[in-house]
Amino acid sequence: MTTAPHPLVTRARRLAHDLLVPHAERVDQEGVPASHVEAVKRSGLLGVGAPRAYGGADAPVAVARETAEILAGACCSTWFVQTQHHTPVKLLATYDSPVREKLLRPLATGELLAGIAFAHVRAFPRVPVRAVPERGGWRFAGTVPWYTGWGLNDVLLLAGVTDTAEVVFVVAEAREQPGLSASAPMRLAALAAARTVSLELDGLWVPEESVVLRASQEEFALADLPRAANASPAVFGVASAALDLVARAPEGEETARSLRVRLDAVRREAYALADHPAPHECVPDRLAVKTQAYDVLRAATTAAIVAGGGRSMDLGSRAQRLAREGMFLLVQGQTAEARRIHLGSLASG
């Protein structure tokens, strides 16, 4: 008996088929439009893992992964804008704070879209953004090197590090305001459409009631380690989309079939490791499988380029877009340890 797909998987497939795929090449060149964001908001996908009590779907993690694969394979730029949203939702759902009651429901229902500005915390002991307690709140100073979705997001999750190595996470409005300004959108080889900027924090003050979480830098690093070692569902989504192109090309069917067997095997192993009940016990294994996923991604997108021939050099080529998106995914969320493992694998391969 065939099990019916989860309603959110059905909605993701419909959104991909009707909107994202037909416009993906134009979006790649012109930017993610507000209309795409509104369509994602209406779909309910922004609440995939959010609690039902706050209007979310509280769907199994397998559903969240499958919808992410679908969106990334359809239009990686749109996926990347909306994927930022799920971390603030998870933190608000996990930690009791005054801001939870204010924001979790509108975030879970898609009324608001959130972005994230905390990857720089991984640079510790270097502190790109410093947080200082002041007047019943926190003042932030420094530079957020990468912030995605500027002009599309409603709020942002910002983190800074105190003089005592405490990480402070707050929610602020994602707009220019006293103490917060944005650079021009970055010119990037891939996913420039996702409206990535750097943020300058020159004394941005955020009230105490906007604090989501305070944790020591050691606690943050410990929780971040296994999470950052996981293979992203987007890798499997983009690779699968590339193999669809290969399968439709003359003499490409067997290549696509062979690579898809490899892709499915790596996906199964990656997700099994991600679900391990003791995440810190298998970080090296996760990193090794993450590298294997990159290998299949690279092979799949290269095959799409080869199958497309000279047409793949056109900026409007779907194969080229997927190859550039694959290149981006090689470094998205990269940690020093992931880079070391990946480079070692490339040297020995």
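These figures come from a predicted structure and were not determined experimentally.

Trainee: I tried to follow unusual backbone geometry on my own but got confused; where do I start?
Mentor: The phi torsion of most residues other than glycine is negative, and most of the peptide bonds are trans. The omega torsion of the bond from Phe124 to Pro125 falls at 20°, within 30 degrees of zero and hence cis. Note that Pro125 resides in the loop between β1 (114–117) and β2 (129–134). Even without being glycine, Ala165 reaches a positive phi, approximately 65°. Within the element layout of this structure, Ala165 appears in the loop between β4 (155–161) and β5 (166–173).

Trainee: What exactly am I supposed to notice about the pattern of salt bridges here?
Mentor: Two side chains of opposite charge can pair, provided their charged atoms sit close to one another. A full pass over the atoms with the stated rule returns 23 salt bridges. Residues Asp295 and Arg298 are paired through a salt bridge, measuring 3.1 Å at the closest nitrogen-oxygen approach. In this pair, Asp295 and Arg298 are both assigned in helix α10 (residues 283–308), three residues apart and thus about one turn of the helix distant. What emerges from the salt-bridge pattern is a single network uniting Glu25, Arg318, Arg321 and Glu325.

Trainee: Even after reading the chapter, I still don't get the nonpolar core, so can you show me in this structure?
Mentor: If you look at soluble globular proteins, the nonpolar side chains tend to sit buried side by side. Core analysis: the biggest nonpolar cluster contains 65 residues, and Leu15, Val32, Trp79, Val81, Phe236, Val238 and Leu329 have the highest contact counts within it. At the level of secondary structure, the elements contributing two or more residues to this core comprise α1 (7–30), α2 (34–43), α3 (61–74), α4 (76–83), α8 (233–248), α9 (253–274), α10 and α11 (318–329). Considering each element in turn, this core owes the most residues, ten residues, to α8. Beyond its immediate chain neighbours, meaning those up to four positions away, Leu15 contacts Leu20, Ala39, Val40, Leu45 and Leu71. With 25 residues, the next largest nonpolar core counts Val99, Leu107, Phe118 and Leu157 among its residues.

Trainee: Can you walk me through the packing of aromatic side chains in this structure?
Mentor: Any pair of aromatic rings gets described here by the distance separating the centres and the angle formed by the planes. All told, the structure shown has seven aromatic pairs when counted by the stated rule. Aromatic side chains Tyr147 and Trp150 sit 6.0 Å apart centroid to centroid with 80° between the ring planes, which places their arrangement in the edge-to-face category. In this pair, the class of Tyr147 matches that of Trp150, namely buried. Look at Phe169 and Phe220: their rings are 6.1 Å apart centre to centre, the planes differ by 40°, and that puts the pair in the tilted class. Pair noted here: Phe169 is in strand β5 and Phe220 is in helix α7 (residues 217–228), with a separation of 51 residues, a long-range link. In this structure Phe169 comes out as buried when scored by relative accessible area, which is 4%. One aromatic cluster is present, formed by Trp79, Phe80 and Phe328 through successive ring pairs. Lying across the ring of Trp205, Arg135 places its NZ or CZ 4.9 Å from the centre.

Thresholds applied
- Residues numbered from 1 in each chain as written.
- Predicted model: local features only at pLDDT ≥ 70, side-chain atom pairs only at ≥ 80, totals over all residues.
- Heavy atoms only, no water.
- Helix = DSSP H or I, 4+ residues; strand = E, 2+ residues; numbered from the N terminus.
- Salt bridge = Lys/Arg side-chain N within 4 Å of Asp/Glu carboxyl O.
- Core = buried A, V, L, I, M, F, W, Y, C linked by side-chain atoms within 4.5 Å.
- Buried < 20%, exposed > 50% of the residue type's maximum accessible area, 1.4 Å probe, protein only.
- Contact = heavy atoms within 4.5 Å.
- Phe/Tyr/Trp six-rings, centres within 6.5 Å; stacked < 30°, edge-to-face > 60°.
- Lys NZ or Arg CZ within 6 Å of the ring centre and 35° of its normal.

Function-wise, these values are silent; they only describe arrangement.
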